[in-house]
Amino acid sequence: MTGEAAYDERRRRQALGVGLVAAFMTLLDISIVNVALPSLERSLQANSSDLQWVLSGYALAFGLVLVPAGRFGDIRGRRNAFVFGVALFTVTSTLAGLARSPDWLVAARLLQGAAAGVVNPQVTGLIQQLYQGAERARPFGLLGATIGISTAVGPLLGGLLIAGGGQEHGWRWVFFVNVPVGIVAVILGWRLLPARVTERNPQRRLDALGVLLLGVGVTLLLLPLVQREQWQGPEKWLLVPAGLITLVCFVRWERRYARHGPPMFDVRLFNHQSYTLGSLIALLYFGGFTAIFFILTLYLQNGRGYSALVAGLAITPFALGSAVASAVGGRIVNRYGRPLVALGLLAVVAGLGLTALAVELVPHAPVPWVTAAPLLVAGLGSGLVIAPNQTLTLSQVPVPQAGSGAGMLQTGQRIGSAAGIAAVGAVFFSALSGGTDAWSEAFERSLLTSAGIISLALVAALVDISRHRRAYG
């Protein structure tokens, strides 16, 4: 059979199921907290800086550990890394739910984000390890559906938990809900995931300087983005070129380190067109995709006065469309390749444009009703982007480098998300300063900005298609 010789099909499915549940849980915490902020603010008497760190601290820590954690799983065994990451995530979720002060919650969220960064590259690496070639498309399709649904359904689940737990302490259940799921995932992960180390190399050391350079570089890039509102003044943007210079040093060091032993990340993966352009598409797409839910939640709750539950329900069409299309896209990506991703990107751009148009044409109608159909179109397109692009991007990555390769891909997604939210958020808040219906105008402008960012990903996909046709006729 293909994949791990010791694993029958039933065992592979069980292991994949555990990995997908853990990925869903950790990715859900990126978006589920958005709707809990008003409840959290009242309960802990948190200020705007505290709230910003509750959101951005998770994303920052998440992005920092992805590649080192993926590499650790490659050389020490994915089961060990997965179980440790899920256990840490469960403990830190408990600590977050028990928080008695903003500082306590921020610290718990930083650790929780780091734990999520440990878990996620193990899931992608597990798929690379258990499945081979074309058969990876289906599990990657399921992973893509997990990513799309977790991002989109977070506000809905958060709204339900807050409604059930009450406005004063309902936010705590946003974190406590992870605990029983995490305990089960730890037990099943230890029982079902393969224990074998994928890299049989006596020099199984983690590249310490590479970890440091990448960590510093990513921090310098992300910090001014995630702290854009709290850190006033233009000097913060000096960190961006400093981060880029540090990442150039990281690349040079990794090339040098590769002469003597396995590097933390093999930069030769970027010699593969599928990996390079796929990573660029992912970075750009997440730059526009993640911002959609950020601005929609603000518009519905703060601008139009809807409850957290209704705000979550409004995003459901996108989540449903993404789930269905991800499952389908994963099955047919090997037949259609990158044109399928381009079609999905086009559908997302069209769906966002139609959403902005619907709000413009019927400004006084219930927003969840008028945006349902165009958000469904955008969700269907999203499902044809995330999973198929991930399958194509990682198709030429060797199994011993699957964790670090997936970690770098996801690091790009986190950077794209932070940059996109910063850019789209700037457009949104600047538009609020004028006009009688400033909230609707801000929402429309920021939606079109997201569509513009995603259009850049479409250009990258078309370049990939063009190069592939020239190469293979």
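Model, not experiment: these values are computed from the prediction.

Scoring rules and cut-offs
- Numbers given for residues are sequential positions, taken from 1 along each chain in its written order.
- The model is predicted, so local features are restricted to residues of pLDDT at least 70 and side-chain atom pairs to those at 80 or more, both for listing and for counting; the totals for chains, interfaces and linings are taken over all residues.
- Excluded from the side-chain calculations are hydrogens and water; all other atoms, namely the structure's heavy atoms, are used.
- Segments assigned H or I by DSSP are reported as helices when at least four residues long, segments assigned E as strands when at least two residues long, and all are numbered from the N terminus.
- What a helix is expected to span follows from its residue count: subtract one and scale by 1.5 Å.
- For every residue, the accessible area obtained with a 1.4 Å probe (protein chains only) is divided by the maximum for its type, and the residue is called buried under 20%, exposed over 50%, and partly exposed between those limits.
- Confidence per residue, as judged by the predictor, is encoded in pLDDT with a range of 0 to 100.
- Each patch is assembled from residues with relative accessible area greater than 30% and no salt bridge, linking like charges that lie within 9 Å and nonpolar side chains (Val, Leu, Ile, Met, Phe, Trp, Tyr) that lie within 5 Å.
- Calculation of accessible area relied on Shrake-Rupley with a 1.4 Å probe; when residues are assessed, cover is drawn exclusively from the protein chains displayed.
- The term salt bridge refers to a side-chain nitrogen of Lys or Arg lying within 4 Å of a carboxyl oxygen of Asp or Glu.
- In this analysis, two residues are considered to be in contact whenever any of their non-hydrogen atoms come within 4.5 Å of each other.
- Here the aromatic set is Phe, Tyr and Trp, taking the six-membered ring for Trp, and pairing holds for ring centres within 6.5 Å; pairs whose planes are under 30 degrees apart are stacked, those over 60 apart are edge-to-face, and all others are tilted.
- Two conditions define a charge located above a ring, namely a distance within 6 Å from the ring centre to NZ of Lys or CZ of Arg, and an angle within 35 degrees of the ring normal.
- Axis definition: a line fitted to C-alpha atoms, over the contacting stretch in the case of helices. Angles run 0 to 180 degrees between N-to-C directions.
- Every angle not falling under 35 degrees, over 145, or within 65 to 115 is termed oblique; those three ranges are roughly parallel, roughly antiparallel and roughly perpendicular.
- In this scheme the crossing of two helices becomes right-handed for a clockwise turn of the near helix relative to the far one and left-handed for an anticlockwise turn of less than a right angle.
- Ten residue types, Ala, Val, Leu, Ile, Met, Phe, Trp, Tyr, Cys and Pro, are classed as nonpolar, four, Asp, Glu, Lys and Arg, as charged, and the remainder, Gly among them, as polar.
- In plain words, nonpolar cores are sets of buried Ala, Val, Leu, Ile, Met, Phe, Trp, Tyr and Cys residues tied together by side-chain atoms within 4.5 Å.

Asks: Any chance you could explain helix α17 (residues 402-431) here in plain terms?
Replies: One turn of the α-helix equals 3.6 residues, which is why residues spaced by three or four share an orientation. Compared with an ideal rise of 1.5 Å per residue, which puts 30 residues at 44 Å, α17 spans 43 Å between its outermost C-alpha atoms and is within 8% of the ideal. With 24 of 30 residues buried, α17 is to be regarded as a mostly interior element.

Asks: Would you take a moment to explain the confidence of the model for the protein chain for this structure?
Replies: Caution applies to low-pLDDT parts of the model: their predicted coordinates are not meant to be read in detail. The pLDDT averaged across the protein chain works out to 84; a share of 93% of its residues lies at or above 70. When mean pLDDT is taken per element in the protein chain, helix α4 (residues 78-97) scores highest with 94 and helix α6 (residues 137-165) scores lowest with 78.

Asks: Help me out: how do you make sense of a nonpolar patch on the surface in this one?
Replies: On the surface, Val91, Leu95, Leu98 and Trp104 cluster together into a nonpolar patch covering about 330 Å² of accessible area. On the secondary structure map, Leu95 appears in helix α4.

Asks: Just to check I follow, could you spell out the environment of Val226 for this structure?
Replies: Looking at the element boundaries, Val226 is found in helix α9 (residues 208-226). Residues Val226 and Val459, 233 residues apart in the sequence, show an inter-C-alpha distance of 27 Å. Aside from chain neighbours lying at most four places away, what touches Val226 is Gln52, Ser56 and Ala418.

Asks: Even after reading the chapter, I still don't get the packing of aromatic side chains, so can you show me in this structure?
Replies: Centre distance and the angle of the planes are the two values used to describe a pair of aromatic rings. Under the definition given, this model contains 16 aromatic pairs. Three or more aromatic residues joined by ring pairs make a cluster, and in this case those are Tyr285, Phe286, Phe289, Phe293 and Phe318. Geometry around Trp190 places Arg79 over its ring, the cationic atom sitting 3.8 Å from the centre. One Lys or Arg, Arg414, reaches over the ring of Phe62 and ends 5.2 Å from the middle of that ring.

Asks: Help me out: how do you make sense of the pattern of salt bridges in this one?
Replies: In a structure, side chains of opposite charge can pair up when their charged atoms sit close to one another. A complete count under the given rule lists seven salt bridges for this structure. One salt bridge connects Arg109 with Asp29, and the closest N-O pair in it is separated by 3.5 Å. Of this pair, Arg109 sits in helix α5 (residues 102-130) while Asp29 sits in helix α1 (residues 9-31), and the two are 80 residues apart along the sequence. There is no split in this pair, since Arg109 and Asp29 are both buried. Its salt-bridge partner being Arg338, residue Asp464 comes within 2.5 Å of it at the nearest N-O pair. Taken together, the residues Asp464 in helix α18 (residues 438-472) and Arg338 in helix α13 (residues 338-361) connect sequence positions 126 residues apart.

Asks: I would appreciate a short explanation of the packing of helix α11 (residues 273-303) against α17 in the present structure.
Replies: For any two helices packed against each other, one specifies the crossing angle of their axes together with the interaxial distance. Put simply, α11 and α17 touch, their axes get as near as 6 Å, and they point 40° apart. Relative to α17, the element α11 lies oblique. Relative to α17, α11 is oriented so that their crossing is right-handed. Each residue belonging to the contact of α11 with α17 can be placed in one class, and the counts come to 15 nonpolar, 11 polar and one charged.

Asks: It is not clear to me how the environment of Phe265 should be interpreted in this structure. Could you clarify?
Replies: Following the sequence through the fold, Phe265 ends up in the loop between α10 (239-257) and α11. Between the C-alpha atoms of Phe265 and Arg255, which are 10 residues apart in sequence, the distance is 9.2 Å. When neighbours within four sequence positions are excluded, Phe265 is seen to be in contact with Val67, Phe250, Glu254, Phe270, Tyr275, Ser404, Gly405 and Met408.

Asks: Please explain unusual backbone geometry as it appears in this structure.
Replies: Note: most peptide bonds trans; most residues except glycine with negative phi. Located in the positive-phi region is Gln45, a residue other than glycine, with phi close to 55°. Turning to its location among the elements, Gln45 is positioned in the loop between α2 (37-44) and α3 (48-76). Residue classification places Gln45 among the exposed residues on the basis of a relative accessible area of 71%.

Asks: Explain the nonpolar core to me, please; I cannot follow it from the model alone.
Replies: Soluble globular proteins tend to bury their nonpolar side chains together. Core analysis: the biggest nonpolar cluster contains 107 residues, and Phe82, Tyr285 and Leu345 have the highest contact counts within it. Of all the elements, α11 adds the most residues to this core, at 16 residues. Not counting residues up to four positions away in its chain, the partners in contact with Leu345 are Ile281, Tyr285, Val385, Ile454, Ala457, Leu458 and Ala461. Counting residues in hydrophobic clusters, the runner-up holds 24 residues, among them Leu44, Leu51, Ala99 and Leu156.

Asks: Would you take a moment to explain the packing of α1 against helix α8 (residues 178-192) for this structure?
Replies: Contact geometry for α1 and α8: axes closest at 10 Å, N-to-C directions at 150°. With respect to α8, the element α1 is oriented roughly antiparallel. Seen along the crossing, α1 lies across α8 with a hand that is left-handed. Touching Arg11, Gln14, Ala15, Val18, Val21, Met25 and Asp29 of α1 are Asn178, Val181, Gly182, Ala185, Leu188, Gly189, Arg191 and Leu192, all from α8. Considered class by class, the residues forming the contact of α1 with α8 number eight nonpolar, four polar and three charged.

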